[in-house]
Amino acid sequence: MAAAQKEISVSEFFAKNRHLLGFDNPRKALLTTVKEAVDNSLDACEEAGIVPEIWVELVAINGKRYRVSIQDNGPGIVKKQIPLIFGKLLYGSKFHRLQMSRGQQGIGISAAGMYGMLTTGQPVKIISKISVRKPAHYYEIQIDTKTNKPEILNGRGDGVDIPPGEKGRKYMEKHGIDWVAFYEGEDGQPGKEIRSGTRVTIELEAKYQRGRGSVDEYLEQTAIANPHVTIHFTDPDGNTTVYRRSTTELPPEPKEIKPHPYGVELGRLVTMLKDAKSMTLSQFLTGSFSRVSPAVARRICEAAGLSTRASTRKIGRAEADKLYEAIQATKISSPSTDCIAPIGESLLLKGLHQVVPGEFYCAATRPPAVYRGNPFQVEVALAYGNRNTAKKITLEQLTELLGQSDARTLRQFLLLTFDGIGADGAEKILKTAGFGTRQSPSKLKPKDIARLHEAMRDVNISEGQTMQVLRYANRVPLQFKQRDCAITEAVMSTNWRSYGLSQSRGQLPSGPVTVLVHIASVWVPFTSESKEAIAAYPEIQRELRLGLQSVGRKLGMYLRRRKRVAQQGERRSIFLRYLGEVASAVSQINGADRDELYEHLVKVAKRMTAEADVKLDRQGRPIEEEVDFGDNVLIVESEPPGLAP
Amino acid sequence: MAKKRPVRKTKPAKKLSKSIVGKDRQTLQALRQVADTVVKTATRSRPPHLDIPSRSLRNVRYNKSKRFIEMGKGTNRRELFNLSQAKAYMQTMLVASGCKQLIEQQKTTSIRGLYYLLKHTIEGTKEETFDDQSDCDPVIEDLEVLLSALREELHVYASNRGTLVGNLVLNDSGDQIDCSRMGSGGYSIPSIVEDDVVEFVRCDAEFVLHVEKDTVWRRFNEDKFWKEYNCILTHGQGQPPRGVRRLLYRLHNELGLPVYCLLDNDPWGYYIYSVIKQGSINLAYESKRMAIPDARFLGLRSKDYQRCELTPSVQIALSDNDIKRAKQIAEYPWFKHKRAWQKEIELMLKNGFKLEVEALISKDISYVTEVYVPERLEEGDYLD
């Protein structure tokens, strides 16, 4: 028995427990791989002050195998570090510091590489370039699971240096190494050369499927929360989708902070004391924690019954215990919150508007707060309504679009052509029009098109829609375990009925609504290593609730006003309907000029129903005092209500 | 947006044909005034409205000295820019323009004809100006009270309902009619019986007998009751239309004939009598031209069941509604202080049944003409 006992390497452990890292099934493995790589790229770009541009390419090798390549325009990685970053688990710059970043532990990308190696036997391929003039480094790396150490396969264990410029490009072409060398220019011409960057290619067993929890969804949601990022995505079918940035402004760089005394547990305190060089207790406290001044340190020491001058060497287990309790009992101000960089209300609006179609957008950023000594900040944004383009299309336009479409089925045609229809909406339209799901769009007779047109006009696709909740932690979308997440819980426990939405008890509200919730923190409390759901600390729940309520209130105001405007519009249309008759009758009796009288009456009608004009007049004018939505509300103009007779 | 009605050519109001005289000229003037007000208010950017005298029970009162129902001064405002009134306003204007056309062209039409004249789809919608005739009729009455013009003056009439026979010669629209030679059908009383339409030429009759319905009237006509007793025999098919009431009024006031009513012994019969005598709430504004405060209620009386020894099989039980109605009628100010009437209604309620005039047929087919009415007239036994 004793002989069987031996050390377990981290790599071995995770190789057996891959689900802990998000590699439970082929589909999720693909997503996790893309996600880890993109997260790393974004972190690297932002840290280096580069506006990120990312290329994601999925290539199907056969039904089960895919090659995933992710390239960024980041600073690149110095040669020495490359094998360690990609070939060693738990190697990273982010674990030990308290700074807001997407990645935390340093498991992600190397785990993805390990997974690829385990399932396909192919090494991870990395090219990294730190400057235009310097050569790019090319590595093929495997991870040795026994020792958790990288093994370099090419260049006799030393990698290959590819010279810069034209020569290098020829070399890459010859050896089949992919590299995006130029930014996208105008009119399909190559733009500027990409100065630096990293490209990682992993071959793995995977499954590509669109929809919930897919790579597409992840990239789309990433684009929403990161409006400064441009993502080029090429799917296995060869179609390229580009999510373009709506701003070139980088988020402010978050500062690194020392831990706050409240957030430190006893064990950690003991370790810190042990690691500290010989110094006085006061020095130790002020030096290793944030918000501890000499005065605060003295108070802590007094409460603990220890001398401020005591050497850290002499603090034993019992003293540490006392010190820990003294810290909890002492009043210490909250940690400084400038270490958090929220997306910001205006960027949230931009991002949401860019990707989610709607008519009303609003956003709210809560002031920073603290849980267990870790500062965090909650941001909430909301989009309402789908600007359903399907409803407004004319029969001629539809016929033309159908003729141009290369979609295989009508359902696909509807989904691809029109914003905001959604799969359910498309199904409903097809069902109403009496088409089968596999109906081809190319073989429709004029009569069928007319039927489709009618169905598109009549079907209310927003009915039965439930709120879509987009969850983010440090700008990274969370796509799984929605039910276990503190964010979902907070959305469901908010009473949306009072904001004009319908909602069953303990359910998400229904309606064409999208809510985006972002938690930024130096240490996001995930419920598991695969970073899929946020733990429900009371402080976090409170902030979530307040944030949701503040966007809810604005939505309520908007919906109420919209209802009122609609009512007024309806009122006016009733009046207008009769004005013509009245004018004709009157002129019939006394010979007055019918048209002149009609104009006068219409003028009175407009004045009497001025509310309905609110929307018409608002362009270029400030929102009237009566309905003040406050800051950061975006209302997309729709056509004037109820003027048609 | 601007709606262009297909027919928009309006004749300038000044070019009225010379033949329009007297009352018609006045009515046109009143119509034009309404239209001018609309133009004036609209030009000043004000919401136009109409103040229509209220035709509700609250706005009528019993004038004790004149002994009929009069309309009060209460008005209902009808606004164009009020959601619930917009359509009614439009309809009022339409009816006004319709009547103006009728007067101008010197034509008359039925209320149903006017409804068809004005009914069309509002341009740009699927809505009709009037959904059915019941939408239109009250608007005509509104216009009557608004202009204080009679329906006849607006050149609108109701369908003929009611018949006359008797020793009377009259001139109807240029045709001389001897009402004693009308065969079995009788002279159908038109809805407009103003003196420019119906002119009395000669009258030998001594009184008017008004019966409730056609069947009874036929009995009297077949038995030539009017010949024997020298009277004029009319009926109004239940609640008499205004043509019949107006004619009764003229016969009473111009020829000095007393009016006797033979109606069913039930709350409805009492009510018909009340309308003939005092005027109706709905047409209170016309009471002064229609109410006959001296009209007499000849029968049937509550006591007739015993007096005429009728059998129980002719009884019709009073419904809850009847009882309620009877109590209401007893409270009418013009019945309230008449002991005979109070006793009459009390007795009916005590009997617990009502009697139709036809009940007398159970005695003998001609009992009502040969015995009942002559006896009552002889005795002078009627309610007033």
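**Regarding the overall build of chain B**
- Scanning chain B from terminus to terminus reveals 14 helices and 17 strands.
- The C-alpha radius of gyration of chain B comes to 23 Å, within 12% of the 21 Å expected for a compact globule of 384 residues.
- Across its three principal axes, chain B shows a C-alpha extent of roughly 75 × 45 × 40 Å.
- Across the 384 residues of chain B, 54% fall into the buried class.

**Points about the pattern of salt bridges**
Residue and element names in this part refer to chain A.
- For the structure shown, the criterion picks out 46 salt bridges over all chains.
- Its salt-bridge partner being K28, residue D24 comes within 3.6 Å of it at the nearest N-O pair.
- For D24, a relative accessible area of 45% translates into the label partly exposed.
- For K28, a relative accessible area of 10% translates into the label buried.

**What about the domain arrangement of chain B?**
All names here are of chain B.
- By domain assignment, chain B separates into domain 1 (22-157) and domain 2 (163-379).
- Relative to domain 2, the C-alpha centre of domain 1 lies at a distance of 32 Å.
- With 22 residues of domain 1 in contact, the opposing surface of domain 2 contributes 22 residues.
- Buried surface at the junction of domain 1 and domain 2, both sides included, amounts to about 1900 Å², of which 62% is carbon and sulfur.
- Counting across the interface, domain 1 meets domain 2 through 3 salt bridges.
- In this structure, the connection of domain 1 to domain 2 is made through 6 residue pairs in polar contact (both at pLDDT 80 or more).
- Listed by contribution, the elements that provide at least two residues to the side of domain 1 that touches domain 2 are β2 (60-63), β3 (68-71), α4 (133-147) and β6 (156-157).
- With 4 residues, β3 is the largest single contributor of residues to the side of domain 1 that touches domain 2.
- The class makeup of the residues in the side of domain 1 that touches domain 2 is 10 nonpolar, 2 polar and 10 charged.

**Things to note about the side chain of S311(A)**
- Examined against the element boundaries, S311(A) turns out to sit in the loop between α9 (294-304) and α10 (317-329).
- When near neighbours in sequence (up to four residues on either side) are disregarded, S311(A) contacts S278(A) and M279(A).

**Examining a nonpolar patch on the surface**
All names here are of chain A.
- A surface patch of nonpolar side chains, about 280 Å² in accessible area, is lined by I8, F13 and L20.
- Considering the arrangement of structural elements, one finds I8 in the segment before α1 (10-16).
- Taking the relative accessible area as the measure of exposure, I8 reaches 61% and is therefore exposed.

**Digging into unusual backbone geometry**
Residues and elements named next belong to chain B.
- For the bond running from G299 to L300, omega is -10°, close enough to zero to count as cis.
- A positive phi angle, near 60°, is found at S45, a position not held by glycine.
- If you trace the backbone, S45 turns up in the loop between α1 (22-43) and β1 (49-53).
- Of note in the backbone geometry, N230 takes a positive phi value of approximately 50° without being a glycine.
- Tracing the sequence through the fold places N230 in the loop between α6 (225-229) and β13 (231-235).

**Description of the nonpolar core**
- Counting 101 residues, the largest nonpolar core has L579(A), L31(B), M93(B), V95(B), L164(B) and L251(B) as the members making the most contacts within it.
- Once you skip the residues sitting within four places of it in the chain, L164(B) turns out to touch C179(B), G186(B), Y187(B), I189(B), W217(B), I232(B), L233(B), T234(B), L247(B) and L251(B).
- Ranked by size, the runner-up nonpolar core spans 44 residues in total, among them L21(A), A111(A), I202(A) and Y243(A).

**Remarks on the interface of chain A and chain B**
- At the junction of the two partners, chain A supplies 31 residues and chain B supplies 41 residues.
- Of the roughly 3300 Å² buried between chain A and chain B on both sides combined, carbon and sulfur atoms contribute 69%.
- When the area that chain A buries against chain B is broken down by residue, the three leading residues are Y578(A), E581(A) and I589(A), summing to 22%.
- Inspection of the region where chain A meets chain B yields 0 salt bridges.
- For the side of chain A that touches chain B, the secondary-structure elements that each account for two or more residues are α17 (538-590) and α18 (594-608) of chain A.

**Things to note about the packing of aromatic side chains**
- For the structure on display, the rule yields 24 aromatic pairs over all chains.
- Look at Y332(B) and W334(B): their rings are 4.8 Å apart centre to centre, the planes differ by 35°, and that puts the pair in the tilted class.
- Note on W334(B): relative accessible area 8%, which makes it buried.
- Taken together, a centroid distance of 6.5 Å and an interplanar angle of 20° make the contact between Y332(B) and F335(B) stacked. Here the two residues Y332(B) and F335(B) agree in accessibility, since each one is buried.
- Put simply, the rings of Y62(B), Y270(B), Y273(B), F297(B), Y332(B), W334(B), F335(B) and W341(B) touch in pairs and so form one group of aromatic residues.
- Over the face of the ring belonging to F480(A) we find K28(A), whose NZ or CZ atom lies 4.5 Å from the ring centre.

**What about the side chain of K213(B)?**
Residue and element names in this part refer to chain B.
- Mapped onto the elements of the fold, K213 is located in the loop between β12 (207-211) and α5 (214-222).
- Overall, the relative accessible area of 17% leaves K213 in the buried class.
- A distance of 2.8 Å separates the side chain of K213 from the side chain of D264, its partner in a polar contact.
- In contact with K213, other than residues within four places in its own chain, are H235, D264, E356 and E358.

Rules and cut-offs
Residues numbered from 1 in each chain as written. Chains lettered and ligands numbered in written order. Predicted model: local features only at pLDDT ≥ 70, side-chain atom pairs only at ≥ 80, totals over all residues. Heavy atoms only, no water. Helix = DSSP H or I, 4+ residues; strand = E, 2+ residues; numbered from the N terminus. Rg over C-alpha atoms; globule rule 2.2 N^0.38 Å. Buried < 20%, exposed > 50% of the residue type's maximum accessible area, 1.4 Å probe, protein only. Salt bridge = Lys/Arg side-chain N within 4 Å of Asp/Glu carboxyl O. Domains from an automatic or database assignment. Contact = heavy atoms within 4.5 Å. Buried area = accessible area lost by both parts, 1.4 Å probe. Polar contact = N/O pair within 3.5 Å; in protein donor to acceptor, adjacent residues only side chain to side chain. Nonpolar A, V, L, I, M, F, W, Y, C, P; charged D, E, K, R; others polar. Patch = residues over 30% accessible without salt bridge, like charges linked within 9 Å, V, L, I, M, F, W, Y side chains within 5 Å. Areas by Shrake-Rupley, 256 points an atom, 1.4 Å probe, with all protein chains shown as cover. Core = buried A, V, L, I, M, F, W, Y, C linked by side-chain atoms within 4.5 Å. Phe/Tyr/Trp six-rings, centres within 6.5 Å; stacked < 30°, edge-to-face > 60°. Lys NZ or Arg CZ within 6 Å of the ring centre and 35° of its normal.

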